[in-house]
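Remarks on the overall topology
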Amino acid sequence: MRRHIPSVILLLVLLVGWEAIVRLAGVSSLVVPAPSAVFVVLWDGLVTGFLWQHIWITGAETLLGFALGCVIGFICGVVLGEIEPLRRLLWPYVLATQVVPKLALGPIFIIWFGFGMTSTVVITALICFFPLLENTMTGLQAATPEKRDLFRMLGARRWQTLLRLKIPSGLPVIMAGVRVAIVLALVGAVVGEFIGSSKGLGASIIAAQGMMDSTLMFALFIVITAMGLLFYQITLVFERWLLRGWLKGKVS
Amino acid sequence: MSTDDAFFSVNGVSYAYADGTEVLSAIDWHIPAGAFHCLVGRSGCGKTTLLKLAAGLLQPTKGQVQIEGHMVHGPSPKVGFVFQTPALLEWLPVIDNVLLPISLHRRVLADDRETARGLLDLVGIADLAGRYPGQLSGGQQSRAALARALVASPPALLMDEPFAALDAITREELQDDLLRLVSLRQTTVLFVTHDIAEAVYLGDRVAVMDRGRIALAASVELPRPRNTNSRYDQQFTAQCQHIRAAMARPVAEAA
Ligand SMILES: Nc1ncnc2c1ncn2[C@@H]1O[C@H](COP(=O)(O)OP(=O)(O)O)[C@@H](O)[C@H]1O
Ligand SMILES: [Mg+2]
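Residues numbered from 1 in each chain as written. Chains lettered and ligands numbered in written order. Predicted model: local features only at pLDDT ≥ 70, side-chain atom pairs only at ≥ 80, totals over all residues. Heavy atoms only, no water.

Residue and element names in this part refer to chain B. Pairing is mixed across the open sheet formed by six strands, whose spatial order is β6-β7-β8-β3-β9-β10. This sheet does not close on itself; its edge strands, each paired only once, are β6 (79-82) and β10 (213-219). Geometrically, the sheet is characterised by an average inter-axis angle of 15 degrees between neighbouring strands, direction not taken into account. Across the sheet, helix α1 (residues 47-55) touches β3 (36-41), β6, β7 (156-160), β8 (188-193) and β9 (205-210), and the angle it forms with β7 is around 155 degrees. (Pairing = 2+ DSSP bridges. Helix = DSSP H or I, 4+ residues; strand = E, 2+ residues; numbered from the N terminus. Axes fitted to C-alpha atoms, helices over the stretch in contact; angles between N-to-C directions. Contact = heavy atoms within 4.5 Å.)

See below:
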């Protein structure tokens, strides 16, 4: 906790400075709102429940898309990682689809899945899919040749080698992909809502922009940032628990 | 030695990797059941390759390998392998690493845990059973790997420079542990090392390998059980010198 104290002090100094400049220079709240005004809007939104419904929707989209994308990405990564001919066949397409900006597909998803939550979840899932696919494929190669020989010597079947050697060996790499995915998921959900939804934090930003309400937009940024940090921390805790064996070894 | 009572029979085995260069040529080697044979040679001479052929991890390009008179087509459950690195699974506690050869084939029973604990006790790390491999020193990891190789009681062990990375004292301790364990169980052993003294101390017979051929094979005439005193014995030194000389000779002369 102690090592965070300087960071907290810096934050307070910045906020006070910001407040002072806005007040003294008389900057329009349309351009840069004062922190105090943002805080009031944020507080009101949380107390009245206005913000909670959007938080709930964006949170649900993020987590649903994240879960779908991770599970499908992991399964595809295992299948492609294990079946060499399939990997050779599909790899150019995987690469090609990876460079397609997924958000550019938003409009077509709106045609397919309608305006609302489904489109946003699909975009989010698509964004999470690739880091998991790639990291799973890489992670499955992580087991050393000696460990593979060990499993062969012990007469392990192919699925045993996969479940008990390759996947656990690749877990640190796979979890790095999960960490990337959770950050991208929130971005995906918020930006997905820009184009395809009328509810949620992203849609609220667009609505606030329509009303020229910069103060509300800043309040929404803060909520999104807090959600991102929370999701990331939860992923980190989960990762530490999952990799406790490896981590214990690192403690000197 | 007759080839009938041999546990391992290597008959005219040659091996070439995918790039085509022959790494082993026409190797003949027989290990009687219960014997402890050592293979020494410079690095890159083909020791690991021969061990993998004996294990069934590789198939010879010429000749054949037999275990108890049967052709080897793949890894056999009768053979335990100890690798150059401990190759422990980082995500499992030591005890579960030791039990791996069993847990891959059936449910682990209380008896198996007893056996595993007994082995950990014999290699001197009983108190570390619950630790993760990353929390062990190099020597402790090697001990755990040895316990794992022995837990399913394989009649034979193939060992690829298992102690090469350890300090001299730890290595001597592990050599003594190994001799104790395999004489207890009458295990047949083929032990690869680049250390002549280690080969002489451990083996009933030592083969010198040079550029894919057996350059010399000598029986070790030292009484068992061997202990630290044996290492300073005149006979021991003489044996080492004999083998050292064979390793220095070019292969054409030795043949
Ligand atoms: N996978 C491989 N592909 C091609 N050549 C190899 C491979 N493994 C080993 N070799 C070559 O075979 C020779 C013998 O290797 P190895 O059996 O590992 O020797 P040692 O264990 O005695 O050090 C070396 O010259 C090495 O370069
Ligand atoms: Mg080697």
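Take the interface of chain A and chain B next. Taken residue by residue, the interface counts 20 residues in chain A and 25 residues in chain B. Between chain A and chain B the total buried area reaches about 2,100 Å² when both faces are included, carbon and sulfur atoms providing 63% of it. One can count two salt bridges joining chain A with chain B. A:D149 is the salt-bridge partner of B:K52, the closest N and O atoms lying 3.4 Å from each other. Our enumeration of links across chain A and chain B arrives at seven residue pairs in polar contact (both at pLDDT 80 or more). Secondary-structure elements contributing two or more residues to the side of chain A that touches chain B are α7 (145-153), α8 (158-196) and α11 (244-250) of chain A. For the side of chain A that touches chain B, the element with the highest residue contribution is α7(A), accounting for seven residues. Looking at side-chain class alone, the side of chain A that touches chain B contains eight nonpolar, five polar and seven charged residues. (Buried area = accessible area lost by both parts, 1.4 Å probe. Salt bridge = Lys/Arg side-chain N within 4 Å of Asp/Glu carboxyl O. Polar contact = N/O pair within 3.5 Å; in protein donor to acceptor, adjacent residues only side chain to side chain. Nonpolar A, V, L, I, M, F, W, Y, C, P; charged D, E, K, R; others polar.)

What follows concerns the packing of helix α9 (residues 201-210) of chain A against helix α10 (residues 214-242) of chain A. Residues and elements named next belong to chain A. Packing of α9 against α10 leaves a shortest axis separation of 9 Å and a crossing angle of 165 degrees. On the basis of the axis angle, α9 is roughly antiparallel to α10. With respect to the hand of their crossing, α9 and α10 are arranged in left-handed fashion. Contacts from L201, S204, I205, A208 and Q209 in α9 reach L216, M217, L220, F221, V223, I224 and M227 in α10. (Parallel < 35°, antiparallel > 145°, perpendicular 65-115°, else oblique. Left-handed = near helix turned anticlockwise from the far one by under 90°.)

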